[in-house]
Amino acid sequence: RAVYLLTAVLFVFWKSAYAQPLIDFCDQWLSLPVSRTVDLTDLIALSVLPASYAYGNVRRVFLPYRFVPHFVGCVSLFAFTATTYVNRASYSGKEYAFTEYRADLVAKAMRIDERNENFRLWAVDMPGENPKYSINIRTDVCSHMIAHVRIEDKTLGSVVILDEMSYDYDCPKTRENEERMLYVFERDFITALRLPEPLRDK
């Protein structure tokens, strides 16, 4: 029971945004290219656990061959770890200046997230620093395009700093695609931040 419960808890954790600090730590400090896509629909896979648990409690007359558990273990390991490889495009800290200060700019970005279903933003907590932000923008350029940015206060306002963008391996790593992704980021995020917000009922 403990194994099944731990499997469910760890899978939910891995598929949530709470796993991002661990992934960033592995990527930055251990040089391990770890990545995953936050997709809560994957939690449907947990429905197999009750059936598996019930089957495991059924008495079976025939014992499996010795190699069968090892074979199943190898197949399971491959199935658990198989995922889409992620490419990364560096933009060397490209900056975009704003007149609003950081707190107001972050709040504005969160409100864009609430209004636009093709846009998702979440904070990545970094000890001793301002949170970094990951922005998932749905686009036909590359699937699962995620921009990794920092938002910092300056003397007169704040700046959005674009460090890199990650995207699925099925999208060719070419200069043209990286320029197109930058265009989409500036169009769908930077421009949206510069536009005045729609009036809201008080």
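Here, every reference points to the structure presented above.
Residues numbered from 1 in each chain as written. Predicted model: local features only at pLDDT ≥ 70, side-chain atom pairs only at ≥ 80, totals over all residues. Heavy atoms only, no water.

Enquirer: Would you mind showing me how to read the packing of aromatic side chains here?
Expert: The way to describe two aromatic rings as a pair is by their centre distance and the angle between their planes. In total, this model carries three aromatic pairs according to the counting rule given. Seen from their ring centres, Y4 and Y53 are 5.2 Å apart, and the 80° between their planes marks the pair as edge-to-face. With Y4 in helix α1 (residues 2-14) and Y53 in helix α3 (residues 48-56), this pair connects stretches of sequence that are 49 residues apart. Classification of Y4 by relative accessible area gives partly exposed; the value is 27%. The class of Y53 is partly exposed, set by a relative accessible area of 29%. A connected cluster of aromatic rings, assembled from ring pairs, spans Y96, F185 and F189. (Phe/Tyr/Trp six-rings, centres within 6.5 Å; stacked < 30°, edge-to-face > 60°. Helix = DSSP H or I, 4+ residues; strand = E, 2+ residues; numbered from the N terminus. Buried < 20%, exposed > 50% of the residue type's maximum accessible area, 1.4 Å probe, protein only.)

Enquirer: What am I meant to see in the pairing of strand β5 (residues 157-168) here?
Expert: Remark: a regular strand shows side chains that alternate across the two faces of the sheet. With respect to burial, β5 is a largely interior element, 10 of its 12 residues being buried. Following strand β4 (residues 145-154), the chain reverses through two residues before pairing antiparallel with β5. (Pairing = 2+ DSSP bridges.)

Enquirer: Sorry if this is basic, but what is going on with the sheet that holds strand β3 (residues 132-137) here?
Expert: Through backbone hydrogen bonds, the strands of a sheet pair up, either in parallel or in antiparallel fashion. Ordered in space as β1-β5-β4-β3-β2, the five strands form an open sheet in which the pairing is antiparallel. The sheet terminates laterally at β1 (86-98) and β2 (119-124), the two strands that pair on one side only. Within this sheet the neighbouring strands show an average axis-to-axis angle of 20°, counted without direction. In the sheet, β2 pairs with β3 via six bridges, with the strands oriented antiparallel. Paired with L121 across the bridge in β3 is I135. Strands β1, β2, β3, β4 and β5 of the sheet are contacted by helix α6 (residues 175-194), whose axis makes an angle of about 35° with β1. (Axes fitted to C-alpha atoms, helices over the stretch in contact; angles between N-to-C directions. Contact = heavy atoms within 4.5 Å.)

Enquirer: Even after reading the chapter, I still don't get the environment of R150, so can you show me in this structure?
Expert: Structurally, R150 can be placed in strand β4. In this structure the C-alpha to C-alpha distance between R150 and D163, which are 13 residues apart in sequence, comes to 7.6 Å. Dropping the residues within four chain positions of it, R150 is found in contact with K132, V159, V160, I161 and D163. Here E152 takes part through its side chain, which lies 3.3 Å from a polar atom of the side chain of R150. Polar contacts involving the side chain of R150 include one to the side chain of D163, which spans 2.8 Å. (Polar contact = N/O pair within 3.5 Å; in protein donor to acceptor, adjacent residues only side chain to side chain.)

Enquirer: Quick question: what am I supposed to make of the nonpolar core here?
Expert: Proteins that are soluble and globular tend to have nonpolar side chains buried together. One finds I135, V160, L162, M165, M181, F185 and F189 to be the most contacted residues of the largest nonpolar core, which totals 31 residues. Breaking this core down by element, the ones donating at least two residues are β1, α5 (102-115), β2, β3, β4, β5 and α6. The dominant element in this core, judged by the number of residues it contributes, is α6, at seven residues. In contact with L162, not counting residues within four places along its chain, are Y91, S92, G93, K94, Y96, A147, H148, V149, L182 and F185. (Core = buried A, V, L, I, M, F, W, Y, C linked by side-chain atoms within 4.5 Å.)

Enquirer: Looking at this structure, how should I read the packing of α5 against α6?
Expert: In a packed pair of helices, the relevant descriptors are the angle between the two axes and the axis-to-axis distance. Packing of α5 against α6 leaves a shortest axis separation of 10 Å and a crossing angle of 120°. By the angle between their directions, the pair α5 and α6 is classed as oblique. Judged by the sense of rotation from one axis to the other, the crossing of α5 with α6 is right-handed. Packed against α5, whose contacting residues are L105, K108, A109 and I112, the element α6 presents F189, A192, L193 and R194 at the interface. Here the contact of α5 with α6 is composed, by residue class, of six nonpolar, no polar and two charged. (Parallel < 35°, antiparallel > 145°, perpendicular 65-115°, else oblique. Left-handed = near helix turned anticlockwise from the far one by under 90°. Nonpolar A, V, L, I, M, F, W, Y, C, P; charged D, E, K, R; others polar.)

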